[in-house]
Amino acid sequence: MFGTESPMTISDVNQLRARACDTDDTLQMTEEAFGVFYERTARSLWAYLSRLTGDPHLADDLLQETYYRFLRANGSYESEAHRKNYLFRIATNLARDIRRRRRIEEVVLRDDQASGQAGRADPTVKSTTHTDLARAMAKLRPRDRSLLWLAYAHGSSHREIADTLGLKVASIKLLLFRARRRLAKLLPRGNES
C-alpha cells in the first residue's frame, strides 16, 4: 500500500461486492462512503500494522486483508469512531495471528534442530523424554495443561492466556508456577543410583 502496493481501487471494492453477493451477504457501505473511509484511515492503519509487524511488505498484505474482512463483516456502527475502532481491532487480530504463527514456527524449528542434535547422541533419550512428558501432561488437570501449552508451546503472553482461559491477568504467574510444579512432580527423576 504505502510501501510497494497500489491502493485499493474501486474495481477491488466491486469485486468484494460481487463476492459478497455470491454468498448472500451485502455490503452496508456505498462505494463513495468506503472510498472516503479508506482515505481517512488507510495511512494510519498501514503505519500501525507496519509498527506491529516490523515488516512494511507484510503490513501491505494485512492492510488489504483488514479492509476485506471489514467489508465482509457487514457491521452496523454507531459512529465513525466506532467504525474505525472496529477496523483497527480486525488489524490487531490479524497481526496477532501472524505473530503466533511465527512463534510456533520458531518453536518447531528449534525443536527440530534440538531433536536432530539429541537424536544423533541417543535416539532413545528423546523418545523416552517425549513419552514421559506426554504421560505427565495427560495426568494434569485440563486448566494446568492449557496454561502450560499456551505459555510454552504457543509463547502466549500472560494477558493472552488470561483472555483465552477467562482468568485474571494477575493470577496467571502464580497459576503457571503451580502447574509447572505439578508437572515436575509427575515427571520421573531419572536414575538415582
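From a predicted model like this one, the values you see are computed outputs, not experimental measurements.

As a further point, take the overall build of the protein. The number of helices and strands found in the protein is eight helices and zero strands. Listing each helix as α and each strand as β along the protein from the N terminus yields α-α-α-α-α-α-α-α. Split by element, the accessible area of the protein, about 12,600 Å² in all, is 52% carbon and sulfur.

Where like charges cluster on the molecular surface, the positive patch consists of R143, R178, R181 and K185. Ranked by residues supplied to the positive patch, first place goes to helix α8 (residues 169-186) with three residues. Take R181: it is sitting in helix α8. The exposure class of R181 is partly exposed, given its relative accessible area of 42%.

The next thing to look at is the side chain of T41. Inspection of the secondary structure puts T41 in helix α2 (residues 31-53). Classification of T41 by relative accessible area gives buried; the value is 2%. Sequence-distant contacts of T41, defined by excluding residues within four places in its chain, comprise Y67, K84 and L87.

As a further point, take the environment of H154. With respect to the secondary-structure elements, H154 resides in the loop between α6 (142-153) and α7 (158-165). Along the sequence, H154 and R103 sit 51 residues apart, while their C-alpha atoms lie 6.7 Å from each other.

Attention now moves to the pattern of salt bridges. Per the stated rule, a full pass over the model turns up five salt bridges. E80 is paired through a salt bridge with R40; the nearest N and O atoms lie 3.7 Å apart. Of this pair, E80 sits in helix α4 (residues 80-121) while R40 is found in helix α2, placing the two residues 40 residues apart along the sequence. Exposure remark for E80: the relative accessible area of 33% places this residue in the partly exposed category. Put simply, E65 and R69 hold a salt bridge, and the shortest N to O gap is 2.7 Å. In this pair, E65 and R69 are both assigned in helix α3 (residues 56-73), four residues apart and thus about one turn of the helix distant. A residue is classified by how much of its surface remains accessible, and R69, at 40% relative accessible area, is partly exposed.

As a further point, take the environment of R180. For R180, the location among the structural elements is in helix α8. The class of R180 is partly exposed, set by a relative accessible area of 36%. On a C-alpha basis, the gap between R180 and L148 in space is 7.4 Å, while along the polypeptide they are 32 residues apart. Setting aside chain neighbours within four positions, we find R180 in contact with L148 and Y152.

Another point: the packing of α7 against α8. One way to put it is that α7 packs onto α8 with a least axis distance of 8 Å and a crossing angle of 100°. When the axis of α7 is compared with that of α8, the two are roughly perpendicular. Listed contacts from α8 to H158, R159, I161 and A162 of α7 are V169, I172, K173 and L176.

Each value, and the rule that gives it
- Residues numbered from 1 in each chain as written.
- Predicted model: local features only at pLDDT ≥ 70, side-chain atom pairs only at ≥ 80, totals over all residues.
- Heavy atoms only, no water.
- Helix = DSSP H or I, 4+ residues; strand = E, 2+ residues; numbered from the N terminus.
- Areas by Shrake-Rupley, 256 points an atom, 1.4 Å probe, with all protein chains shown as cover.
- Patch = residues over 30% accessible without salt bridge, like charges linked within 9 Å, V, L, I, M, F, W, Y side chains within 5 Å.
- Salt bridge = Lys/Arg side-chain N within 4 Å of Asp/Glu carboxyl O.
- Lys, Arg positive; Asp, Glu negative; His and termini not counted.
- Charge placed at Lys NZ, Arg CZ, Asp CG, Glu CD.
- Buried < 20%, exposed > 50% of the residue type's maximum accessible area, 1.4 Å probe, protein only.
- Contact = heavy atoms within 4.5 Å.
- Axes fitted to C-alpha atoms, helices over the stretch in contact; angles between N-to-C directions.
- Parallel < 35°, antiparallel > 145°, perpendicular 65-115°, else oblique.

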